[in-house]
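# Examination of the molecular architecture
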Amino acid sequence: MAAAVALESAGFEVDLFEAHNRLGGRAGSLPLPERDHWIDRGQHILLGCCRNLLDFYRRLGVEHRIRFHDEIVFVEPGGRRSVLRAVNQSALGRATAFLRLRFLSLKDKLGIVRALAAVRRDYRQPDLLDAMSMADWLRQRRQTARANQRFWRPLIVSALNEEPERVSALHGVQVLWLALLASPDGVRLGVPAVPLVELYAENHWRRFPKLALHTGTRVERVQIEQERVIGIEADGVIHRADAYVLAVPVKAAQSLVPQLGLESLESSPITGIYLAFDRPVLDLPQAALLDRTIQWAFSKGRGEAVQIVVSASRSLLPVSREEIVCQTVRELAEFFPAAAKARLEEAHVIKEANATFTPRPGLASRRPPATTRFPNLFLAGDWTRTGWPATMEGAVRSGYLAAEAATAALGNPRKFLIPDPSP
Ligand SMILES: Cc1cc2nc3c(=O)[nH]c(=O)nc-3n(C[C@H](O)[C@H](O)[C@H](O)COP(=O)(O)OP(=O)(O)OC[C@H]3O[C@@H](n4cnc5c(N)ncnc54)[C@H](O)[C@@H]3O)c2cc1C
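Presented here is an overview of the structure given in this document. As the structure is a prediction and not an experimental result, all values here were calculated from the model. (Residues numbered from 1 in each chain as written. Predicted model: local features only at pLDDT ≥ 70, side-chain atom pairs only at ≥ 80, totals over all residues. Heavy atoms only, no water.)

As enumerated under the stated definition, the model contains eight aromatic pairs in all. Note on Phe-98 and Phe-151: the rings are 5.6 Å apart at their centroids and 45° apart in plane angle, and the pair reads as tilted. In this pair, Phe-98 is assigned in the loop between α3 (91–96) and α4 (106–117) and Phe-151 in helix α8 (residues 145–160), connecting sequence segments 53 residues apart. Each member of the pair Phe-98 and Phe-151 is classed as buried. (Phe/Tyr/Trp six-rings, centres within 6.5 Å; stacked < 30°, edge-to-face > 60°. Helix = DSSP H or I, 4+ residues; strand = E, 2+ residues; numbered from the N terminus. Buried < 20%, exposed > 50% of the residue type's maximum accessible area, 1.4 Å probe, protein only.)

Here you go:
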């Protein structure tokens, strides 16, 4: 979507083929026909530092559908709360905002200050960082067990959908730099105020006169002759263009063009649990939940419906949906006692087994760039070499990079990517 919008703005006629009959891909919604409403494939959030994603929303005219929150509330089992005020004008204020968190001791906090003080310097050496895991980096910074359990793991698992032991320190430190340190609003939490399906609804696309949407149209074949793409086949029709952007998951890209020799990537699951009660149970717009399986709760409606998120949810994959619902309600009541008295009226569990790829140490330089060995074929997707982990921001960056590469190949080079603040 980002590649299409960027190329259209550069004056090209663009055809966008999407296999599903709705746009959004993994950041989309599923219909619940019997209830006449939509459920997102997972609660999707963004941060203020997602500059390209916000630029894409502006181009689409939907930026006002994102509600930003300047505070993150942490809740412990038993209900004690701590507030992290996310927006702070001074760098020192941002680096020390967490000192108010009540669930950490002074020793934990001093260790965190020490680690944050090393971020800017370390982030200038990306190759060194990409050679180690985030857990190694934290060990080198001598973090306490409680800081690891209650601060670092929740932060890394929420941002990267993976355990600190399994992710490159490059992306862990990147999160710290971009979200916590580089700018005053980096950690503002953006939550779509509408189901994702509405964010990408076809009516928003009317503002792009040269862009034709073909939803419900799967590309079945990419025709290559003499080292160039000469057409794609969809619904039995061959479509021809000057340049082609393949913006599908890596497995699909590899099966459409095996000559690309793309490496398959390890992935990590996310489980979303949607619960609707007969009365409000959540008195906060959202909350980070400590020390239990469930990690985040987002209020839907007036707090009577709740979207729960469990990232890196390997332990839940073999568990039955009924058991997951029981465990979630039980845990939710430990944080929000109103849930113990409310009657559960609706529950859905969505297990996304391959939600995002795992940014393992050493992977950064192996991710493929937007250009390929075929001069008129370009790659996009969160898995390409965007410099970001698997996120909506990473996906938009990949689209902009593919559009830049395509415009350069077509003799009219354009820039679309908004660079991150450098350390
Ligand atoms: C449960 C869950 C929660 C997440 N939470 C967050 C979050 O909070 N914040 C965040 O930033 N990111 C989050 N992500 C990650 C984010 O959704 C992805 O990184 C992003 O959507 C990837 O976009 P993409 O365009 O690279 O790939 P996809 O979204 O997978 O899009 C690829 C598209 O290609 C289409 N396609 C495939 N084959 C063909 C074909 N042959 N012809 C035509 N079309 C085809 C697919 O239908 C799909 O629409 C989450 C992901 C999941 C699964």
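To continue, consider the sheet that holds strand β10 (residues 219–225). Pairing between sheet strands relies on hydrogen bonds along the backbone, with the strands arranged either parallel or antiparallel. Taken in spatial order, the three strands make up an open sheet running β10-β11-β12, and their pairing is antiparallel. Lying at the two open borders of the sheet, with one neighbouring strand each, are β10 and β12 (237–239). Across the sheet, the mean angle from the axis of one strand to that of its neighbour is 30°, orientation sign disregarded. Looking at chain direction, β10 and strand β11 (residues 228–234) are connected through six bridges and run antiparallel. Opposite Val-219, over in β11, you have Ala-234 as the bridge partner. (Pairing = 2+ DSSP bridges. Axes fitted to C-alpha atoms, helices over the stretch in contact; angles between N-to-C directions.)

Attention shifts here to the pattern of salt bridges. Scanning the entire structure with this criterion turns up 28 salt bridges. The salt bridge involving Glu-266 is made with Arg-166; its shortest N-O contact spans 2.9 Å. Of the two residues, Glu-266 is situated in the loop between α11 (250–256) and β14 (267–277) and Arg-166 in the loop between α8 and α9 (169–181); the sequence distance between them amounts to 100 residues. Across the pair Arg-292 and Glu-334 runs a salt bridge, and its minimum N-O distance is 2.8 Å. Placement of the pair is Arg-292 in the loop between β15 (286–289) and β16 (296–300) and Glu-334 in helix α12 (residues 321–335), with a sequence separation of 42 residues. On the basis of relative accessible area, Glu-334 is assigned to the partly exposed category, the value being 30%. One network of salt bridges, in which partners are shared, links Glu-162, Arg-166, Glu-266, Arg-314 and Arg-360. (Salt bridge = Lys/Arg side-chain N within 4 Å of Asp/Glu carboxyl O.)

On a regular strand, one side chain projects to one face of the sheet and the next to the other, so that they alternate. For strand β6 (residues 71–75), the buried fraction is high: four of the five residues fall into the buried class. One ladder, built from five bridges, connects β6 with strand β7 (residues 81–85); its direction is antiparallel. Looking across to β7, one finds that Glu-71 is bridged to Arg-85. Turn length for the β6-β7 hairpin, with the two strands adjacent in sequence and antiparallel, is five residues, and the turn residue Gly-78 shows positive phi of about 100°. Direction of pairing for β6 relative to β15: parallel, over a ladder of two bridges. By the bridge assignment, Phe-74 is partnered in β15 with Ala-288.

Another aspect to go through is the site of the ligand. The environment of the ligand is made up of 29 residues, and the closest members are Glu-18, His-44, Ile-45, Asp-382 and Met-392. In this structure, an oxygen atom belonging to the ligand sits 2.8 Å away from a main-chain N or O atom of Ile-45. One of the backbone nitrogen or oxygen atoms of Thr-391 is found 3.3 Å away from an oxygen atom of the ligand. Secondary-structure elements contributing two or more residues to the shell around the ligand are β1 (14–18), β18 (344–357) and α14 (392–409). (Near = heavy atom within 4 Å. Polar contact = N/O pair within 3.5 Å; in protein donor to acceptor, adjacent residues only side chain to side chain.)

Before going further, it helps to examine the side chain of Glu-163. Mapping Glu-163 onto the fold places it in the loop between α8 and α9. Classification of Glu-163 as buried rests on a relative accessible area of 18%. Glu-163 has contacts with Arg-153, Val-157 and Ala-312, leaving out every residue within four places of it along the chain. (Contact = heavy atoms within 4.5 Å.)

Here the focus is unusual backbone geometry. The phi dihedral of Gln-226 falls on the positive side, at around 50°, and the residue is not glycine. One non-glycine residue, Ala-312, lies in the positive phi region at around 45°. For Ala-312, the location among the structural elements is in the loop between β17 (305–311) and α12.

This part is about helix α1 (residues 2–9). Because an α-helix completes one turn every 3.6 residues, residues spaced three or four positions apart along the sequence face the same direction. Summarising burial for α1: seven of the eight residues are buried, a large majority. Within α1 the residues assigned to the buried category are Ala-2, Ala-3, Ala-4, Val-5, Ala-6, Leu-7 and Glu-8. Residues of α1 that are buried in the fold lie against β1, α2 (51–60), β9 (211–215), β13 (244–246) and α14. Just beyond α1, the residue with positive phi is Gly-11, at close to 100°.

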